Amino acid sequence: MKKRYLLFLPTLTASSFLFLNSTWTKPASANLRDSLTLQEKVTFRRKSIRVMKEQVELISVLVKAGEYDLIRDYFFIAPQKTWLMFGGTVKRLSPELYDPIFSKFRAIDSLLGQANPSQSSLTSNLNELNKLLDSAVKVSDERL
């Protein structure tokens, strides 16, 4: 790992760590689901959606730096898994947000799968996704 990548390591949150280590996440999430109160689950969901938005913002910075391999291999995994985990909640709270957010995640994933992705396409998709996630954070904070 190059030294400049170490600057981004503090941005990995506890949620990112859990999602990146999926073999450890499965038993941990099962235990969380059984032991948390409703209010704790709501708080966890709200924080996770906010973290997902922050991770997308970080990816936008990395796109400007042209670090596509780093994004593909390390940084895009966590927000995708968060979306898979909480996308249904967003759909329940605000159905009109679900499809646009889901399609942006798919478009970004498809672009990152290319050998030489278009920086302008990635940037525009990430900006649109970020705006949609702003709305998702607001909806999540306002509703149970």
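Residues numbered from 1 in each chain as written. Predicted model: local features only at pLDDT ≥ 70, side-chain atom pairs only at ≥ 80, totals over all residues. Heavy atoms only, no water.

### Side note on the overall build of the protein
Right, on to step 1. A count of helices and strands for the protein gives seven helices and zero strands.
Right, on to step 2. Moving toward the C terminus, one meets the helices and strands of the protein in the order α-α-α-α-α-α-α.
Right, on to step 3. Counting all 144 residues of the protein, 40% fall into the buried class.
Right, on to step 4. Surface summary for the protein: the accessible area is close to 8400 Å², and the carbon and sulfur share equals 56%. (Helix = DSSP H or I, 4+ residues; strand = E, 2+ residues; numbered from the N terminus. Buried < 20%, exposed > 50% of the residue type's maximum accessible area, 1.4 Å probe, protein only. Areas by Shrake-Rupley, 256 points an atom, 1.4 Å probe, with all protein chains shown as cover.)

### Quick look at the packing of helix α4 (residues 68-75) against helix α5 (residues 77-93)
Right, on to step 1. Packing of α4 against α5 brings their axes to within 6 Å, and their N-to-C directions diverge by 40°. The pairing of α4 with α5 is recorded here as oblique in orientation. Residues Arg72, Asp73, Tyr74 and Phe75 of α4 form the contact with α5, whose participating residues are Ile77, Ala78 and Pro79.
Right, on to step 2. Here the contact of α4 with α5 is built from residues that sort into five nonpolar, no polar and two charged. (Axes fitted to C-alpha atoms, helices over the stretch in contact; angles between N-to-C directions. Parallel < 35°, antiparallel > 145°, perpendicular 65-115°, else oblique. Contact = heavy atoms within 4.5 Å. Nonpolar A, V, L, I, M, F, W, Y, C, P; charged D, E, K, R; others polar.)

### Structural notes on the packing of aromatic side chains
Right, on to step 1. For the coordinates displayed, the defined rule picks out five aromatic pairs.
Right, on to step 2. Ring centres of phenylalanine 76 and phenylalanine 105 lie 5.9 Å apart, and the angle between their planes is 40°; this geometry places the pair in the tilted category. Remark: phenylalanine 105 occurs in helix α6 (residues 95-112) and phenylalanine 76 occurs in the loop between α4 and α5; sequence separation between them is 29 residues.
Right, on to step 3. Clustering of aromatic rings is evident, with ring pairs tying together Phe76, Trp83, Tyr98, Phe102 and Phe105.
Right, on to step 4. Lysine 91 extends its terminal NZ or CZ atom over the ring of tyrosine 98, reaching a point 4.9 Å from the ring centre. (Phe/Tyr/Trp six-rings, centres within 6.5 Å; stacked < 30°, edge-to-face > 60°. Lys NZ or Arg CZ within 6 Å of the ring centre and 35° of its normal.)

### Focus on the packing of helix α3 (residues 38-65) against α4
Right, on to step 1. Remark: α3 packs on α4, axes separated minimally by 8 Å, with the N-to-C direction vectors making an angle of 155°. The angle between α3 and α4 places the two elements in the roughly antiparallel class. Together, Leu58, Ile59, Leu62 and Val63 of α3 and Tyr68, Leu70, Ile71 and Phe75 of α4 make up the contact between the two elements.
Right, on to step 2. Across the contact of α3 with α4, the residue classes tally to eight nonpolar, no polar and no charged.

### Structural notes on the pattern of salt bridges
Right, on to step 1. By the definition in use, this model includes five salt bridges.
Right, on to step 2. Between arginine 50 and aspartate 141 there is a salt bridge, with its nearest N and O atoms 2.6 Å apart. Taken together, the residues span a long stretch of sequence, with arginine 50 in helix α3 and aspartate 141 in helix α7 (residues 119-142) at a distance of 91 residues.
Right, on to step 3. Taking the relative accessible area as the measure of exposure, aspartate 141 reaches 31% and is therefore partly exposed.
Right, on to step 4. Among the salt bridges present, the one from lysine 104 reaches glutamate 128, with a minimum N-O distance of 2.6 Å. Here glutamate 128 lies in helix α7 and lysine 104 lies in helix α6, a separation of 24 residues in the sequence.
Right, on to step 5. For lysine 104, a relative accessible area of 16% translates into the label buried.
Right, on to step 6. Looking at glutamate 128, the relative accessible area reads 37%, which means it is partly exposed.
Right, on to step 7. Connected through shared salt-bridge partners, Lys53, Glu57 and Asp134 make up one network. (Salt bridge = Lys/Arg side-chain N within 4 Å of Asp/Glu carboxyl O.)

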